[in-house]
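# Structural description and commentary
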Amino acid sequence: MQQRRLASIFEPVKLRLIHRRLAPWLFILLALSAITGLAYRVGKKWFGVDKETGNFLMSLHTGEWAGSVFSTIQILAAGLGLLFLLGSGAAMFLKSKSRQPMRLFHRLLGIALLLPLTATALTGMAYKFGEDYFGISDETADLLMDIHEGAWLGKELKVYYVLAVGLGLLGAGLLGLGILLPKKRPAR
């Protein structure tokens, strides 16, 4: 009985409903994370953002401004929420027949960013929990941040990776919100 209930959650109709209900709330958290991550990386690379401003942006990005417990909750909610949206979106993509342009662009952008966003969510959570609760080594922390920020592409391309992933996440989120808006009906 329990297994059947769990399986019923993953039926396309329920999955779509859960995705649609959670996405607007998660978008607030994900947009904050994307915007502050973009501002930090682009600001440091191209505009010479000072250390104090960079620390402020990172405190918003990680939730540290409200303390360690809130930071853990923020990163966990954003990371797991993003993973759920990516997974449920990928599952719906495979069964999709809709040809509405906004929905199609939302899905294609989600699929194109599936691997980078998954890596970003997983490494962001692993870094936070590793640093705060498991005492990971500096080498492991550096590796997680290299993956999180795209440093594996090289020093010069890291900023472009952050731009692509951050703007892609914001774009997919805004397209998703646009799908949820009521449709205008033609006047009779």
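Our subject is the structure listed above.
Everything in this summary refers to the structure shown in the same document.

Which parts of space are left empty comes out when a probe the size of a water molecule is rolled across the atoms. Overall, the coordinates contain 1 cavity of 30 Å³ or more when judged by the stated rule. As a volume, the largest cavity reaches approximately 570 Å³. Every residue lining the largest cavity is counted, 30 residues in all, and those nearest its centre are His 19, Leu 85, His 106, Ala 172 and Gly 176. Broken down by secondary-structure element, the contributors of at least two residues to the lining of the largest cavity are α2 (12–47), α4 (68–95), α5 (101–112), α6 (114–134) and α8 (158–180). Looking at the lining of the largest cavity element by element, the count peaks at 8 residues for α8.

Applying the stated criterion to the full structure yields 4 aromatic pairs. When the ring of Trp 152 is compared with that of Tyr 161, the centres are 5.7 Å apart and the planes differ by 70°; the resulting orientation is edge-to-face.

Our next topic: the side chain of His 19. Here His 19 lies in helix α2. Note on His 19: relative accessible area 11%, which makes it buried. The residues touching His 19, leaving out its near neighbours within four places in the chain, are Phe 84, Leu 85, Ser 88, Gly 89, Met 92 and His 106.

Now for the packing of helix α7 (residues 138–149) against α8. Orientation of α7 relative to α8, taken along the N-to-C sense of each, is 60°, at an axis distance of 8 Å. Compared by their axis directions, α7 and α8 come out oblique. Along its contact with α7, which presents Ile 147, His 148 and Glu 149, the element α8 presents Lys 158, Tyr 161 and Val 162. Split into classes, the residues belonging to the contact of α7 with α8 amount to 3 nonpolar, 1 polar and 2 charged.

Glancing now at the layout of surface pockets. Looking at the largest pocket, its volume works out to about 800 Å³. Taken together, 34 residues make up the lining of the largest pocket; nearest its centre are Ser 33, His 61, Gly 124, Met 145 and His 148. The set of elements that each furnish at least two residues to the lining of the largest pocket consists of α2, α3 (51–62), α4, α6, α7 and α8. When residues of the lining of the largest pocket are assigned to their parent elements, the largest contribution, 9 residues, is made by α6. Class assignment for the residues of the lining of the largest pocket results in 18 nonpolar, 10 polar and 6 charged.

The rules behind the values
Residues numbered from 1 in each chain as written. Predicted model: local features only at pLDDT ≥ 70, side-chain atom pairs only at ≥ 80, totals over all residues. Heavy atoms only, no water. 1 Å grid on protein atoms, 1.4 Å probe; cavity = no way out; pocket = protein on both sides within 12 Å on 5 of 7 lines; lining within 4 Å. Points joined across faces, edges and corners; volume = space filled by probe spheres on them. Helix = DSSP H or I, 4+ residues; strand = E, 2+ residues; numbered from the N terminus. Phe/Tyr/Trp six-rings, centres within 6.5 Å; stacked < 30°, edge-to-face > 60°. Buried < 20%, exposed > 50% of the residue type's maximum accessible area, 1.4 Å probe, protein only. Contact = heavy atoms within 4.5 Å. Axes fitted to C-alpha atoms, helices over the stretch in contact; angles between N-to-C directions. Parallel < 35°, antiparallel > 145°, perpendicular 65-115°, else oblique. Nonpolar A, V, L, I, M, F, W, Y, C, P; charged D, E, K, R; others polar.

None of this, on its own, says anything about what the molecule does.
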